[in-house]
Amino acid sequence: MFRSLYNRFQHLIHELGKFGVVGGLAFVIDTAVYSGLLAMDVETTVAKIIATVIAATCAFIGNRFWTWRDRPRSALHREYVLYFTFNLIGLGITLAVLGFSHYVLGSVWPAFQTDLADLISAQIVGNAVATVFRFWTYRRFVFA
């Protein structure tokens, strides 16, 4: 039973694994850049935007040339524009979570305005929700 289920979803499982490796590396880059910028007193949402752009560029290269390398190619500029459009939406999702935590919850409980709380809300909660959205859109629209 499990063997036939694995055989049926083998390609998707491998894509998810590769997407996870690329995403994990992008997450490390994103977190390092974001933490560094926060340590330099860059405003939290500006720091998150800069970190996301750098990490997304690295992830685009990994996803295009490894995760979905076996898919038919469309024009690089088409994939790039779609990829970054969906990343902007993903960034919006992450910023919404970060903004709610930092500005709304933080106005009631100051602990939510610390660098640690910002890292947790943006890097763990916000990115988790945005990652589900990005995987679906990349697979369905960008590298289709």
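In case you missed it, the structure is sitting above this.
Below, the structure is looked at part by part.

Each value, and the rule that gives it
Residues numbered from 1 in each chain as written. Predicted model: local features only at pLDDT ≥ 70, side-chain atom pairs only at ≥ 80, totals over all residues. Heavy atoms only, no water. Helix = DSSP H or I, 4+ residues; strand = E, 2+ residues; numbered from the N terminus. Buried < 20%, exposed > 50% of the residue type's maximum accessible area, 1.4 Å probe, protein only. Contact = heavy atoms within 4.5 Å. Lys, Arg positive; Asp, Glu negative; His and termini not counted. Charge placed at Lys NZ, Arg CZ, Asp CG, Glu CD. Polar contact = N/O pair within 3.5 Å; in protein donor to acceptor, adjacent residues only side chain to side chain. Patch = residues over 30% accessible without salt bridge, like charges linked within 9 Å, V, L, I, M, F, W, Y side chains within 5 Å. Areas by Shrake-Rupley, 256 points an atom, 1.4 Å probe, with all protein chains shown as cover. Salt bridge = Lys/Arg side-chain N within 4 Å of Asp/Glu carboxyl O. Phe/Tyr/Trp six-rings, centres within 6.5 Å; stacked < 30°, edge-to-face > 60°. Lys NZ or Arg CZ within 6 Å of the ring centre and 35° of its normal.

**Here's the deal with the overall build of the protein chain**
- When helices and strands are tallied, the protein chain shows four helices and zero strands.
- Reading the helices (α) and strands (β) of the protein chain from amino to carboxyl end gives α-α-α-α.
- For the protein chain, the spread of C-alpha atoms along the three principal axes comes to 50 × 40 × 20 Å.
- Of all 144 residues assigned to the protein chain, the portion counted as buried reaches 35%.
- Sequence separation of at least 24 residues holds for 73% of the intrachain contacts in the protein chain that already meet a minimum separation of 6.
- Between the centroid of the 12 positive side chains of the protein chain and the centroid of its 8 negative side chains there is a distance of 19 Å.

**Examining the side chain of Gln123**
- Here Gln123 is to be found in helix H4 (residues 115-142).
- On the accessibility criterion, Gln123 (4% relative accessible area) is buried.
- Here Asp30 takes part through its side chain, which lies 3.3 Å from a polar atom of the side chain of Gln123.
- Ignoring any residue separated from it by four or fewer positions in sequence, one finds Gln123 in contact with Phe27, Asp30, Thr31, Tyr34, Lys48 and Asp118.

**Observations concerning a nonpolar patch on the surface**
- Together, Phe27, Val28, Leu116, Ile120, Ile124 and Val125 line one region of the surface with nonpolar side chains, adding up to about 550 Å² of accessible area.
- At the level of secondary structure, the elements contributing two or more residues to the nonpolar patch comprise helix H1 (2-39) and H4.
- Here the nonpolar patch gets four residues from one element, more than from any other, and that element is H4.
- Take Val28: it is sitting in helix H1.

**Things to note about the packing of aromatic side chains**
- This model, assessed by the stated rule, comprises 18 aromatic pairs.
- Between the aromatic rings of Phe60 and Tyr83, the centroid separation amounts to 4.9 Å while the plane-to-plane angle is 70°, which identifies the pairing as edge-to-face. Of this pair, Phe60 sits in helix H2 (residues 44-67) while Tyr83 is found in helix H3 (residues 76-108), placing the two residues 23 residues apart along the sequence.
- Considering the side-chain rings of Trp68 and Tyr138, the 6.4 Å spacing of their centres and the 85° angle between planes classify their relative orientation as edge-to-face. With Trp68 in the loop between H2 and H3 and Tyr138 in helix H4, this pair connects stretches of sequence that are 70 residues apart.
- For Trp68, a relative accessible area of 0% corresponds to the buried category.
- In this structure an aromatic cluster arises from ring pairing among Phe19, Phe60, Trp68, Tyr80, Tyr83, Phe84, Phe135, Tyr138 and Phe143.
- Above the face of the Tyr34 ring, Lys48 is positioned so that its terminal group lies 5.6 Å from the ring centre.

**Remarks on the pattern of salt bridges**
- Under the defined criterion, the tally for this structure stands at three salt bridges.
- With its nearest N and O atoms 2.6 Å apart, the salt bridge here joins Glu15 to Arg139. Of the two residues, Glu15 sits in helix H1 while Arg139 sits in helix H4, which places them 124 residues apart along the sequence.
- On the basis of relative accessibility, which here comes to 29%, the residue Arg139 falls in the partly exposed class.
- For Asp30, the salt bridge identified is with Lys48, shortest N-O distance 2.5 Å.

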